[in-house]
Amino acid sequence: MKQLVTLNINGEQHELAISPDATLLTVLREDLGLLGTKRGCDTSACGCCTIHIDGKAVYACVVYAMSVQGGEITTIEGLGENGKLDPLQDAFIEAGAVQCGYCTCGMIMSAKQLLNEEPNPDEEQIRHAIAGNLCRCTGYAKIVDAIKMAADNGLKGQSS
Amino acid sequence: MSAANIIGKSVLRPDAHDKVTGGRGYPVNFSLPGMLHGKILRSPYAHARIISIDTSEAEKLPGVKGILTHKEVPQKRFSPVFFCPTGAKSLVRDMVALSDRVRYAGQPVAAVAATTEAIAEKALELIDVDYEELPTVFDPEEAMQEGAPQLHEDAPDNVAKNPAFEFGDVEKGFAEADHIFEGVYQTQRVHTCYMEPRVCVVDCDKQGHFTLHSSMQHIFGLREKLAYALDIAESRVTVVKPPYIGGGFGGKLDIGYIEILAAILSENIGRPVRMEQTRYEDFITTARHPIKVYLKTGVKKDGTITAREARSILDTGAHATHGAEVIVVHGLFGVTFPYKCENKKWEGFTVYTNNMIGGGFRGYGCPQGCFAVESQIDEICEELDLDPIEFRKKNAHQKGDPHPFNPAWSLNSYGYEEAMDKGAERIGWSDRKPAGSGEGTKKRGIGIGTQGIWVSGCMGFPDIYEHTGALVKLNVDGTADLASGTVDLGSGQITMQTQIAAAELGIAPENVRLSYADTDTVPFDAPTHASRATYSSGLAVKAAAADAKRKLLAIAGDIMEASPDDLEVVDGEVRIKGSPDSAMPIGQVVQVAESPFIVDTGEGYEPSSPPQHKGTIIGASSLAPPENPSPATALFVEVEVDTETGEVKVLRCVYAHDLGKVINPNAAEGQVEGGIQQGIGYALMENLVFDEDTGACLSSDFLDYKMPTAVEMPREIESIFIETNEPSGPFGAKSLSEQCVTVPAAAIGAAVYNAIGVRIKELPITPEKVLRALGKL
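Conventions adopted
- Residues numbered from 1 in each chain as written.
- Chains lettered and ligands numbered in written order.
- Predicted model: local features only at pLDDT ≥ 70, side-chain atom pairs only at ≥ 80, totals over all residues.
- Helix = DSSP H or I, 4+ residues; strand = E, 2+ residues; numbered from the N terminus.
- Rg over C-alpha atoms; globule rule 2.2 N^0.38 Å.
- Buried ≥ 20, exposed ≤ 12 C-beta atoms within 10 Å, placed from the backbone.
- Pairing = 2+ DSSP bridges.
- Axes fitted to C-alpha atoms, helices over the stretch in contact; angles between N-to-C directions.
- Contact = placed C-beta atoms within 7 Å.
- Domains from an automatic or database assignment.
- Nonpolar A, V, L, I, M, F, W, Y, C, P; charged D, E, K, R; others polar.
- Right-handed = clockwise from strand over helix to strand, strands pointing away.
- Expected span 1.5 Å × (residues − 1).

Novice: Can you walk me through the overall build of chain B in this structure?
Specialist: Secondary structure assignment for chain B yields 20 helices and 29 strands. Since a compact globule built from 777 residues should have a radius of gyration of about 28 Å, the 28 Å found for chain B is in line with a globular shape. For chain B, the C-alpha atoms occupy an extent of roughly 100 × 70 × 50 Å along the three principal directions. For chain B, the proportion of its 777 residues judged to be buried stands at 59%.

Novice: I'm lost on the sheet that holds strand 19 (residues 480–484) of chain B in this one. Help?
Specialist: Where strands meet in a sheet, backbone hydrogen bonds hold them as pairs that are either parallel or antiparallel. Residue and element names in this part refer to chain B. If you trace the 4 strands from one edge of the open sheet to the other, you get 20-19-18-26, paired in mixed fashion. Each edge of the open sheet is held by one strand with a lone partner, namely strand 20 (512–514) and strand 26 (618–623). For this sheet, the mean inter-axis angle between neighbouring strands, taken without regard to orientation, is 20°. Relative to strand 20, strand 19 is paired through 3 bridges, and the arrangement is parallel. The residue bridging D481 from the neighbouring strand is R513, located in strand 20. Sheet contacts for helix 15 (residues 533–560): strand 18 (468–474), strand 19 and strand 26; angle to strand 26, the most-contacted strand, approximately 145°.

Novice: For this particular structure, what's the right way to read the domain arrangement of chain B?
Specialist: One widely used convention gives an interface's size as the accessible area the parts lose upon coming together. Residues and elements named next belong to chain B. When cut into domains, chain B gives domain 1 (3–23 + 467–623), domain 2 (31–134 + 195–247 + 252–283) and domain 3 (396–460 + 628–777). The C-alpha-based centres of domain 1 and domain 2 are spaced at 39 Å. Each side of the interface is counted separately: domain 1 has 16 residues, and domain 2 has 18 residues. Class assignment for the residues of the side of domain 1 that touches domain 2 results in 6 nonpolar, 5 polar and 5 charged.

Novice: Explain the pairing of strand 3 (residues 64–68) of chain B to me, please; I cannot follow it from the model alone.
Specialist: Put simply, side chains in a regular strand alternate between the two faces of the sheet. All names here are of chain B. Taken across its 5 residues, strand 3 has 5 buried, putting it largely inside the fold. As judged from the 4 bridges shared by strand 3 and strand 5 (residues 108–114), these two strands associate in the antiparallel manner. Following the sheet pairing, L68 is matched in strand 5 by A111.

Novice: Teacher, can you tell me more about the interface of chain B and chain A here?
Specialist: Taken together, the contacts link 44 residues of chain B with 39 residues of chain A. For the side of chain B that touches chain A, the secondary-structure elements that each account for two or more residues are helix 2 (16–20) and helix 17 (665–684) of chain B. For the side of chain B that touches chain A, the element with the highest residue contribution is helix 17 of chain B, accounting for 7 residues. Across the side of chain B that touches chain A, the residue classes tally to 20 nonpolar, 16 polar and 8 charged.

Novice: It is not clear to me how the pairing of strand 11 (residues 210–214) of chain B should be interpreted in this structure. Could you clarify?
Specialist: Residues and elements named next belong to chain B. Most of strand 11 sits inside the fold, with 5 of its 5 residues counted as buried. Of the pairings in the sheet, the one linking strand 10 (residues 199–204) to strand 11 comprises 5 bridges and is antiparallel in character. If you follow C200 over to strand 11, its bridge partner there is S214. Taken together, strand 10 and the strand that follows it, strand 11, pair antiparallel across an intervening segment of 5 residues, in which G208 is found at a positive phi of about 80°. As paired elements, strand 11 and strand 12 (residues 237–240) share 4 bridges and run parallel to each other. Bridge pairing in strand 12 links H213 to V240. Handedness of the strand 11-helix 7 (residues 219–230)-strand 12 crossover: right-handed.

Novice: How should helix 8 (residues 257–269) of chain B be read in this particular structure?
Specialist: An α-helical segment advances 3.6 residues per turn. Residues three or four places apart therefore align on the same side. Residue and element names in this part refer to chain B. Under the 1.5 Å per step criterion, the end-to-end length of helix 8 is 18 Å for 13 residues, consistent within 8% with the ideal 18 Å. Taken across its 13 residues, helix 8 has 10 buried, putting it largely inside the fold. For helix 8, every residue scored as buried is listed here: Y257, I258, E259, I260, L261, A262, A263, I264, L265 and S266. Once helix 8 finishes, G270 follows within two positions and takes phi at roughly 85°, a positive value.

Novice: What am I meant to see in the environment of V589 of chain B here?
Specialist: Residues and elements named next belong to chain B. Structurally, the position occupied by V589 is in helix 16 (residues 586–594). Considered as a pair, V589 and H613 are 24 residues apart in the sequence and their alpha carbons are 9.2 Å apart. Beyond its immediate chain neighbours, meaning those up to four positions away, V589 contacts L552, I555, A556, I559, V574 and M584.

Novice: I keep staring at the domain arrangement of chain A and nothing clicks. Help me out?
Specialist: Residues and elements named next belong to chain A. Per the domain assignment, the segments of chain A are domain 1 (3–78) and domain 2 (87–159). Once you take the C-alpha centre of each, domain 1 and domain 2 turn out to be 22 Å apart. Listing elements by their share of the side of domain 1 that touches domain 2, those giving two or more residues are strand 3 (50–53) and strand 4 (56–59). Top contributing element to the side of domain 1 that touches domain 2 by residue count: strand 3, with 3 residues. Classifying every residue of the side of domain 1 that touches domain 2 by side-chain character gives 6 nonpolar, 7 polar and 2 charged.

Novice: What should I look at first to understand helix 11 (residues 366–384) of chain B in this one?
Specialist: Residues and elements named next belong to chain B. Helix length check: helix 11, at 19 residues, gives a terminal C-alpha distance of 26 Å against a target of 27 Å (1.5 Å per residue), a fit within 8%. Along helix 11, 14 of the 19 residues are buried, which leaves the element largely enclosed by surrounding structure. Trailing helix 11 by a residue or two, D385 shows a phi angle of about 55°, which is positive.

Novice: What's the story with unusual backbone geometry in this structure? I'm lost.
Specialist: All names here are of chain B. Between L763 and P764 the backbone carries a cis peptide bond, its omega angle lying at -5°. Residue placement: P764 occurs in the loop between helix 19 (744–756) and helix 20 (767–773). Non-glycine residue Y364 carries a positive phi angle of around 45°.

As structure tokens, then:
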């Protein structure tokens, strides 16, 4: 039996009838068409479905959608402002951090939490922040570069 | 833009913006109205005969629209491998879509299509299968013994394929040797770990025509194999090329059960059917084959190799599939070709077991061979006190030598020695310490692994497709549309092709758009595999762009009253060579070609330009590359081995590779860094593990199957690209993508030896194996 829920996603309220056992990943992809959040394993191990709930990076595949009513949910589609990309998205393009790109959105969401909490992370902090996001194409080298680049650009932006 | 401003530049990926904002183009996102969802019931037994299947309860479940068992599918035997013709002699056709005999745990036995995935899954639980268990065998050498369970009637001793090569006189070669080295080198089963699962949507229309959207690496192979398995004409199948896929690495180079079963369900029901594999299903669908190599090498005191003899046992699992081809590539490129030696002998066995079937994976048999050959060279050098680089140089092929694969070709560009020299300098090879000489519990070591001969595509291989084509169409706004069958796995084929087309046309790369393609509309393209895309498809794109440019200049010549030979295209403008003032934008020429023949001038009707100027300016190519130039690679690694815990950390990698010419430095580095991650995983941690009694996969998710995360990766990976300018390649390019995956295991094995003085000949080099080798377990 489906139940009515209200979810706050990317600043918009969505009223939906969902199954109580539906994961947030399923609801995002199948009910709302927010396809940027990817299913890579469905067992909370690959990180492709990383989103934010109240600013914290979470795997959407292991969260019941019912359980996050009232929380502020942010997906990759919610990044960037006024039609501009988030500095992390720009940096991922610029640094060549995207190959197949299937991990990219989740990777950016994990990095986003890091930069929110630590605007000037060192390499070890960056690597640990994305340790829950698997990538098979890049060896993570240019992803680490991109996050560093976004942090540097953010700091420059603040000082100017 | 001229070629010099485009080739060798880190042009940004055209697909990157889409991917960082969500990436709608992945096949996993594709859907059609009215689409059903398919699920597969899989056998819990590794070897069994199906006595009966009862689907009556499942059929009653509301929402279930169709069910297939072995009784409802064609029993035509096929090989799923994309890159060989279906009837190729070298393939073994030993699979059917659903059989009454299962040979590995997880083999499909039934399929359901329903209105939702949840209903399809529920229906699987209601299918009642009665199995008769059969005896199993999981070890290939046991499978070859008399009395072992026979998996396929037409494969005595469970040997699916038994290729052998012999050059010179091996007995004489060993007699001439001062020393003979023998060893056994064992590799494990690993998964490519593409991040996007295998997925397809198949739609069979009312006329019986199938349209497929799929995550595979080859649209034409999928068309051919589906038609073959369904026993229908190929023209009844259209495969649409996805804008991009979420990784492949060789793991999407064969038709899966899902495409065939979804197609039959769609035809039966009259609605599109989607099937997406779970990660567990992906883990048991494809893997790099474990190969055990018995290797014997004779050398003179000075390090000259006089003879080499090897025997390779490949565990192909329940079906031959890629095992029929991998064994040959392994024997030739992995074991036989890399070093010069007059007397060589090799025999390979592709052996059936009740393990999961193998598949393609970057390197395709070469990593297993490289680990054996390079590890043994390290042992020889240690024993005879020879420098490993000098030893390799002494036995290596040289620039200008005949290509060992085909003596009609020469190694026209060949930077093997340069790769070793440059890499050695960067890693500090001359400061390398004697094996096991470090102080303390954490010991460091440096090692080298190389691969002197490899491919740029499949030219010269019997039975393997190697031709490709492209279409280039010029638009009135001065841009170009490029269509080809090449699937971008993530490794940058879109970027490379747009750069090459732009360089040939004389326009900016951002003005070339890679457009829609399907098997109906573009020339045949061999798969994105075998390190071939830049060399082979790059040549085809260049030729198609040159064809379009020729037509452009013919019309422009008429308009500008100049011979086409005197024209050039620079920065999107046609110019008379040497006079920039004569410039006419490409778009203006295209406008002339595309405008109506007769125009209304307001004062009457007049021809706009002569008839020979009319028509879309379009260039086409379909060609086979002239050769198969060899790249050459040397990887140097520094490791730290914790002798208390057995943990091996890779601290630093220096990778030097002769790729002819770099098309895009950033993309090339990305290939190397990702390849090294896969190689480190292979060397140190990755392993598909199976229950010894039941054959069930125990490492079927990323919690149990460990691959390197950002934390385990070395902090320094340096790429050195050697540009030898391959004469037959597009703008001098040859291949890059597979050797960075091939060499790490050998280099890391050698570095571990250098650190602790103990050699591990069985991958992966886990802490347990290190501690056991040190006598601590």
